[in-house]
Amino acid sequence: MSKGKLGLNTICTHTGEIKDEQFKGAVSPIYMSTSYQFEDVEVKRYPRYYNTPNQEYLSKKIAALEHAESALIFGSGMAAVSTTFLAFLKSGDHLVIQNPLYGGTSNFIRKEFPKYGIEYTFTDGYQVSDFEKAIQSNTKLIHLETPSNPLLTITDIRAVASLAKSNNIVASIDNTFASPILQNPIDLGIDIVIHSATKYLGGHSDILAGAVAASKEHIHQIWEVGINLGGSLSDFMVWMLERSMKTLGLRVKAQSKNAKKLAKFLQNHPDVEHVYYPGLKDHPEHELAKSQMKSYGAMLSFELNNNLNASEFLNSLELIKPSMSLAGVESTMLLPALTSHALLSQEERDKLGISNGLIRFSLGIESKKDLIKDIEQALNKIRH
Ligand SMILES: *Cc1c(COP(=O)(O)O)cnc(C)c1O
């Protein structure tokens, strides 16, 4: 069968599986060896070299899903982010980085870059003009994130990619929130796609991992730094991730469908003040999202009416878990101001538009009617 013709769910299920020649088992065997007899002088397999059989084969699945030539798997999303940044930036170089941005990435830049003499500018906003304004003569990397956390803003991927290209700058994206099922940035001109595989790729809240997909040349550049930083993933967890990714397409589509339905339910609810979801027609970048995503994702945020207390609401839920995590098959909610964005000052949160009552909702695969019932009963409890 020609590889290019495989459908999304076939890639999820089969691409990069290791055939069990000895026993004809249904799933890939796990190779836990840290030592491999030399086949020839070129291949030196070692887990920190990202080239054990399980690491090498699962990379093929991730590359295929992201329409990339090559990929690497990391021990966490932050290992993928930090290794990529340090592969393209050295002392005296400059990074243009999107604001809003995942908190861990932002902390990494603010705390570590000064030690290496790497310069950076956070954009004022997520419009292409904001990126353009931030570029300097020593800018070597532009990094964006869309949909963003927690307000689900949408950045124009094609426009930022073309801005980077015309200035001879490498462009990377954090594609965690969309997953490769809903958004393929390489098709839109981006060079490097980064994932926290802890989220949708893993999908069951039991794996910490990361991934990067790009051209062979860029992956080699990242690999050369990666073997020194040592952020590779153990083969057992690589195997777990392969198992999880077989259902990636099914899960993300079901979760995204739930998000669309719940966004509409919340928007029409008298106790809800505002819903942030790119799939809603009144979202400022709805048309842009439509042009670069296959569906609108499984994350949304909302605000209750002023007289209702968001913390009380979260504590009154019975099915939906108040929790830090996102993207699992179970639905979760959190208050960014108290958790994911608690390290920002009130002023910084105000600037980003993150109100103290904002609730971030990560949709799972539960039946829509049960999610609605849970929200209704929680609202009934706090409406007094
Ligand atoms: C969680 C997350 C990360 C960091 O990933 P870890 O696996 O926790 O290291 C990076 N970017 C985004 C958008 C995330 O949600």
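Just above, that's the structure.
Model, not experiment: these values are computed from the prediction.

**Student:** Looking at this model, I keep getting lost on the overall build of the protein chain. Mind explaining?
**Tutor:** Per the secondary structure count, the protein chain includes 14 helices and 12 strands. In terms of overall dimensions, the protein chain is globule-like: its C-alpha atoms have a radius of gyration of 21 Å, near the 21 Å expected for 384 residues. Over its C-alpha atoms, taken along the principal directions, the protein chain stretches across nearly 75 × 55 × 35 Å. Surface summary for the protein chain: the accessible area is close to 17,100 Å², and the carbon and sulfur share equals 53%. Where the 39 positive side-chain charges of the protein chain centre and where its 41 negative ones centre are 5 Å apart.

**Student:** Would you mind showing me how to read the pairing of strand 3 (residues 119-122) here?
**Tutor:** Across four bridges, the pairing between strand 2 (residues 94-97) and strand 3 is parallel. Bridge pairing links Leu95 to Tyr120 in strand 3. Traced from strand 2 through helix 4 (residues 103-116) to strand 3, the parallel crossover comes out right-handed.

**Student:** Would you explain helix 3 (residues 77-88) in this entry?
**Tutor:** Each α-helix winds once per 3.6 residues, and so residues spaced three or four apart point in a common direction. For helix 3, which comprises 12 residues, the first-to-last C-alpha distance of 17 Å matches the rise-based estimate of 16 Å (1.5 Å per residue) to within 8%. With 11 of 12 residues buried, helix 3 lies mostly within the body of the structure. If you check which residues of helix 3 are buried, you get Gly77, Ala79, Ala80, Val81, Ser82, Thr83, Thr84, Phe85, Leu86, Ala87 and Phe88. Capping of helix 3 at its N-terminal end is provided by Ser76; its side-chain oxygen lies 3.4 Å from the backbone amide nitrogen of Met78.

Criteria and thresholds
Residues numbered from 1 in each chain as written. Predicted model: local features only at pLDDT ≥ 70, side-chain atom pairs only at ≥ 80, totals over all residues. Heavy atoms only, no water. Helix = DSSP H or I, 4+ residues; strand = E, 2+ residues; numbered from the N terminus. Rg over C-alpha atoms; globule rule 2.2 N^0.38 Å. Areas by Shrake-Rupley, 256 points an atom, 1.4 Å probe, with all protein chains shown as cover. Lys, Arg positive; Asp, Glu negative; His and termini not counted. Charge placed at Lys NZ, Arg CZ, Asp CG, Glu CD. Pairing = 2+ DSSP bridges. Right-handed = clockwise from strand over helix to strand, strands pointing away. Expected span 1.5 Å × (residues − 1). Buried < 20%, exposed > 50% of the residue type's maximum accessible area, 1.4 Å probe, protein only. Polar contact = N/O pair within 3.5 Å; in protein donor to acceptor, adjacent residues only side chain to side chain.

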